[in-house]
Amino acid sequence: MGERAVLLPAEGRWPDGVDVWRVAIPDTAAEYPYLDEDERARAGRFLRASDRIRFAFTRSVLRELLGAYVGTRGADLRFGAGPFGRPELAPPTGGALSFNVSHAHHEALIAISRTHIVGVDIEYIKPGFEWRGLVPLVCTDEETRVLNSCAATTGAEEACARFFRCWTAKEAVLKTLGLGITEGLQALDIDLVRDGPQSPDVRGNTRFASAAAVTLYWLKDISGYIGCVASGPAAPAEGIPEWPGL
């Protein structure tokens, strides 16, 4: 993939069989091979040039990667959509490959696996970002308590970092499940004190019960960003299973 995508070393941070690719998004327009007419039209509907570049470049790299995994040209891939618009490979190339994409500012992450159902999120931590206004939307009462305590004892910068741990985790796990973001943010509890892999606690909403089987892994490889990789249970040898979350 050269400079278009770099495979991040797992080094035990997430399961074997889950590949996480870093994509550095250029500032200016580039060549976007592999995109179909619909994708080019979608890119053209973005009002800001930066948004058009971010979508088109990341989508082009995704096609290139998936084509390499399934042994076909990226331009020949066809996509379908699962619940809430989660992209999936359409037959005959789909079924045994799970993937997910997230991009923010000048970076993107692409997670691909033959053995786990995966989700991913990346967020840009803008200097001076006012995170407190988003807490009622993103965080549960317990998470809010932890963030307020952290801000009082270790400072707003550390509390902001933990807020982004919460945000990326919930986005990643809900994308793994293929369920909507808004309702799910308050259905899950993330332990913002403990570092290392963990699974979310589900707050009584049975629609999100399968989230308890998802494991979260944070990465801080990219300065100024935080990412989270989520993976569902390992699949049997024949490939990605049917799973209640999807």
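Parameters and conventions
Residues numbered from 1 in each chain as written. Predicted model: local features only at pLDDT ≥ 70, side-chain atom pairs only at ≥ 80, totals over all residues. Heavy atoms only, no water. Helix = DSSP H or I, 4+ residues; strand = E, 2+ residues; numbered from the N terminus. Rg over C-alpha atoms; globule rule 2.2 N^0.38 Å. Buried < 20%, exposed > 50% of the residue type's maximum accessible area, 1.4 Å probe, protein only. Contact = heavy atoms within 4.5 Å. Areas by Shrake-Rupley, 256 points an atom, 1.4 Å probe, with all protein chains shown as cover. Lys, Arg positive; Asp, Glu negative; His and termini not counted. Charge placed at Lys NZ, Arg CZ, Asp CG, Glu CD. Phe/Tyr/Trp six-rings, centres within 6.5 Å; stacked < 30°, edge-to-face > 60°. Lys NZ or Arg CZ within 6 Å of the ring centre and 35° of its normal. Core = buried A, V, L, I, M, F, W, Y, C linked by side-chain atoms within 4.5 Å. Pairing = 2+ DSSP bridges.

Student: Even after reading the chapter, I still don't get the overall build of the protein chain, so can you show me in this structure?
Tutor: Within the protein chain, the regular secondary structure consists of six helices and 11 strands. On C-alpha atoms alone, the protein chain measures out to a radius of gyration of 18 Å, which is about the 18 Å that the 2.2 N^0.38 rule sets for 246 residues. Principal-axis analysis of the C-alpha atoms gives the protein chain an extent of 55 × 40 × 35 Å. Classification of the 246 residues of the protein chain by burial places 49% in the buried group. For the protein chain, the proportion of contacts with a sequence separation of at least 24, taken over those separated by at least 6, is 60%. When the accessible area of the protein chain is evaluated, it comes to approximately 11,700 Å², of which 53% is carbon and sulfur surface. Side chains of the protein chain give 26 positive and 32 negative charges; the mean places of these two sets differ by 3 Å.

Student: Please clarify how the packing of aromatic side chains should be interpreted in this entry.
Tutor: How two aromatic rings sit relative to each other is given by the distance of their centres and the angle of their planes. For the coordinates displayed, the defined rule picks out eight aromatic pairs. Taking the centre distance of 5.7 Å and the plane angle of 40° together, the rings of phenylalanine 46 and phenylalanine 55 count as tilted. Relative accessible area serves as the criterion here: at 32%, phenylalanine 46 is assigned to the partly exposed category. An angle of 15° between the planes, with centres 5.7 Å apart, marks the rings of phenylalanine 164 and tryptophan 167 as stacked. Here the residue phenylalanine 164 and the residue tryptophan 167 both occupy positions in helix H5 (residues 156-177), the gap between them amounting to three residues, near one helical turn. Residue phenylalanine 164 is classed as buried on the basis of its relative accessible area of 1%. Among the aromatic residues, those joined into a cluster by ring pairs are Phe129, Trp131, Phe163, Phe164 and Trp167. The cationic tip of arginine 4 hangs over the ring face of phenylalanine 57; the distance from NZ or CZ to the ring centre is 5.1 Å. Sitting over the face of the ring of phenylalanine 79, arginine 59 holds its NZ or CZ atom 4.4 Å from the ring centroid.

Student: How should the nonpolar core be read in this particular structure?
Tutor: Buried together is how nonpolar side chains tend to be arranged in soluble globular proteins. Formed by 33 residues in total, the largest nonpolar core has its most connected members in Phe163 and Leu216. Elements that contribute at least two residues to this core include exactly helix H3 (135-138), helix H4 (141-153), H5, strand S10 (215-219) and strand S11 (225-234). Sort the elements by how many residues they give to this core and H5 lands first, with 11 residues. Once residues lying within four places of it in the same chain are set aside, the contact partners of leucine 216 are Ala169, Val173, Ile190, Pro197, Gln198, Pro200, Cys228, Val229 and Ala230. Of all hydrophobic cores here, the second largest spans 23 residues; its members include Leu35, Phe57, Phe99 and Ile110.

Student: It is not clear to me how the sheet that holds strand S2 (residues 18-24) should be interpreted in this structure. Could you clarify?
Tutor: Hydrogen bonding along the main chain pairs the strands of a sheet, whether they run parallel or antiparallel. Strands sit in the order S1-S2-S6-S5 across an open sheet of four strands; the sheet is antiparallel. Only two strands of the sheet have a single neighbouring strand rather than two, namely strand S1 (6-7) and strand S5 (98-104).

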